[in-house]
There are 2 protein chains.
Amino acid sequence: MEQHEVIKQIKKADRAIVEENFDTLIDIYTDDAILVIEPGRNAVGKDAIRKAFEAIAVYFKNGLQVSQRGIEVLESGNTALVLANTVISAPNMPEITRKATYVFNKDINGVWLCSIDNSYGHEIISKNV
Amino acid sequence: MEQHEVIKQIKKADRAIVEENFDTLIDIYTDDAILVIEPGRNAVGKDAIRKAFEAIAVYFKNGLQVSQRGIEVLESGNTALVLANTVISAPNMPEITRKATYVFNKDINGVWLCSIDNSYGHEIISKNV
């Protein structure tokens, strides 16, 4: 089965993160994209997202590994929601799996770009409700 | 704190589901919205979504209760991702909490409409990966 274009973009982003190829990585985001750095702390816009990924790379001793273990795409018009089991590890962190949520929008050229990158999924819901 | 317009729409939808007010409910969706009826089975478009909710109402003995226990909105341009703990019960079903994911798009009049309604969250990821 032909892989969804959104999944191809996510795999490209995963490779770019592992290779610390931030030019390629940032091209996958919309101009006003939002990245959840950790619950309660977000980066907005390409510059802020790039800086966040540079800091994350250093934090994880330049050995961050990212892959997807199970992924589904729900598409409606120019919007797609991705549910993914995102597996992360690093020299200073044992492997963890996050129930990640990503939103992509199709631009005028038909290219899917990430507008909302929340690898923490429901962890961002504050506990004081 | 002023409640996000998207949260107001979700609360309106919850009330409409409980009251079986399907005209109000369907107005909250985009024309090509997708609703996950159950993992692997989706309804696409207002007509199909309305029929799905009518069938769901009957299935739950016209006693479905829906509410949100913790909700967060991530917004980027005209797209918003909602992470919610959605609590559901019915006369023939004990209370369950789903880690729901919803996507809303702002239309040309500035009204937020639901384009992707996946109350099952990561449960839609198939096990054979």
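The following refers to the structure shown. (Residues numbered from 1 in each chain as written. Chains lettered and ligands numbered in written order. Predicted model: local features only at pLDDT ≥ 70, side-chain atom pairs only at ≥ 80, totals over all residues.)

Below, the discussion takes up the overall build of chain A. Regarding its fold elements, chain A presents three helices and six strands. Along chain A, helices (α) and strands (β) appear in the sequence α-α-β-β-α-β-β-β-β when read from the amino end. For chain A, whose C-alpha radius of gyration is 14 Å, the value lies close to the compact-globule estimate of 14 Å for 129 residues. Along the first, second and third principal axes, the C-alpha set of chain A runs to 40 × 40 × 30 Å. The long-range fraction of contacts in chain A, counting pairs at least 24 apart against all pairs at least 6 apart in sequence, stands at 45%. (Helix = DSSP H or I, 4+ residues; strand = E, 2+ residues; numbered from the N terminus. Rg over C-alpha atoms; globule rule 2.2 N^0.38 Å. Contact = placed C-beta atoms within 7 Å.)

On to the relation of the copies chain A and chain B. Expressed as a screw operation, the relation of chain A to chain B combines 0.0 Å of axial shift with a rotation of 180°, fitting to an RMSD of 0.0 Å. In short, the pair behaves as if placed about a two-fold rotation axis. Here 100% of the interface residues in chain A have copies in chain B that are interface residues too; the copies meet face to matching face. (Least-squares fit on C-alpha atoms with pLDDT ≥ 70 in both.)

Moving on: the sheet that holds strand β1 (residues 29–38) of chain A. Residues and elements named next belong to chain A. Read across the open sheet, the six strands follow the order β2-β1-β6-β5-β4-β3; overall the sheet is mixed. Each edge of the open sheet is held by one strand with a lone partner, namely β2 (41–44) and β3 (65–76). With direction set aside, neighbouring strand axes in the sheet form an average angle of 25°. Note that strand β4 (residues 79–90) and strand β5 (residues 93–106) share eleven bridges and pair antiparallel. Bridged to N85 within β5 is K99. Here helix α1 (residues 5–18) sits on the sheet and contacts β3, β4, β5 and β6 (112–118); the angle it forms with β3, its principal contact strand, is near 155°. (Pairing = 2+ DSSP bridges. Axes fitted to C-alpha atoms, helices over the stretch in contact; angles between N-to-C directions.)

Residue and element names in this part refer to chain B. Direction of pairing for strand β3 (residues 65–76) relative to strand β4 (residues 79–90): antiparallel, over a ladder of ten bridges. Pairing of S67 across the sheet is with V87, part of β4. A loop of two residues connects β3 with β4, the two strands running antiparallel in sequence, and G77 in this loop sits at a positive phi of about 60°. Counting the residues that bridge the hairpin from β4 to strand β5 (residues 93–106) gives two residues.

Right, let's get into the sheet that holds β4 of chain B. Pairing between the strands of a sheet is mediated by backbone hydrogen bonds and can be parallel or antiparallel. Residue and element names in this part refer to chain B. Pairing in this open sheet of six strands is mixed, and the strands run β2-β1-β6-β5-β4-β3 from one edge to the other. Across the chains shown, the open sheet's two edge strands, defined by having one partner strand only, are β2 (41–44) and β3. Adjacent strand axes in the sheet meet at a mean angle of 25°, parallel and antiparallel pairs treated alike. Sheet contacts for helix α1 (residues 5–18): β3, β4, β5 and β6 (112–118); angle to β3, the most-contacted strand, approximately 155°.

This next bit is on the interface of chain A and chain B. Taken residue by residue, the interface counts 27 residues in chain A and 27 residues in chain B. Mapped by element, the contributors of at least two residues to the side of chain A that touches chain B are β1, β3, β4, β5 and β6 of chain A. If one sorts the elements of the side of chain A that touches chain B by residue count, β3 of chain A sits on top with six residues. Class assignment for the residues of the side of chain A that touches chain B results in eleven nonpolar, twelve polar and four charged. (Nonpolar A, V, L, I, M, F, W, Y, C, P; charged D, E, K, R; others polar.)

The next point concerns α1 of chain B. Helical periodicity: at 3.6 residues per turn, an α-helix aligns residues three or four positions apart in one direction. All names here are of chain B. Across its 14 residues, α1 extends 20 Å between first and last C-alpha, which sits within 8% of the 20 Å expected from 1.5 Å per residue. Inspection of α1 places V6, Q9, I10, A13 and I17 among the buried residues, and these make up the whole buried set. Mapping the buried residues of α1 onto a view down its axis gives an arc of 100°, with all of them on the same face. Along its buried surface, α1 packs onto α2 (22–26), α3 (46–59), β3, β4, β5 and β6. (Expected span 1.5 Å × (residues − 1). Buried ≥ 20, exposed ≤ 12 C-beta atoms within 10 Å, placed from the backbone. Arc of directions from axis to C-beta.)

Let us look at unusual backbone geometry. Phi angles above zero are rare outside glycine, and E20 of chain A is one such case at about 55°. Tracing the backbone shows E20 of chain A in the loop between α1 and α2 (22–26). The backbone phi angle of K61 of chain B is positive, close to 55°, even though this residue is not glycine. Note on placement: K61 of chain B falls in the loop between α3 and β3. With 11 C-beta atoms counted inside 10 Å, the residue K61 of chain B sits in the exposed group.

Attention now goes to the nonpolar core. With 58 residues, the main nonpolar core has V82 and Y102 of chain A together with V82 and Y102 of chain B as its most contacted residues. Excluding residues that lie within four positions of it along the chain, V82 of chain A makes contacts with V6, I10, I71, V73, T101, Y102 and F104 of chain A. (Core = buried A, V, L, I, M, F, W, Y, C linked by C-beta atoms within 7 Å.)

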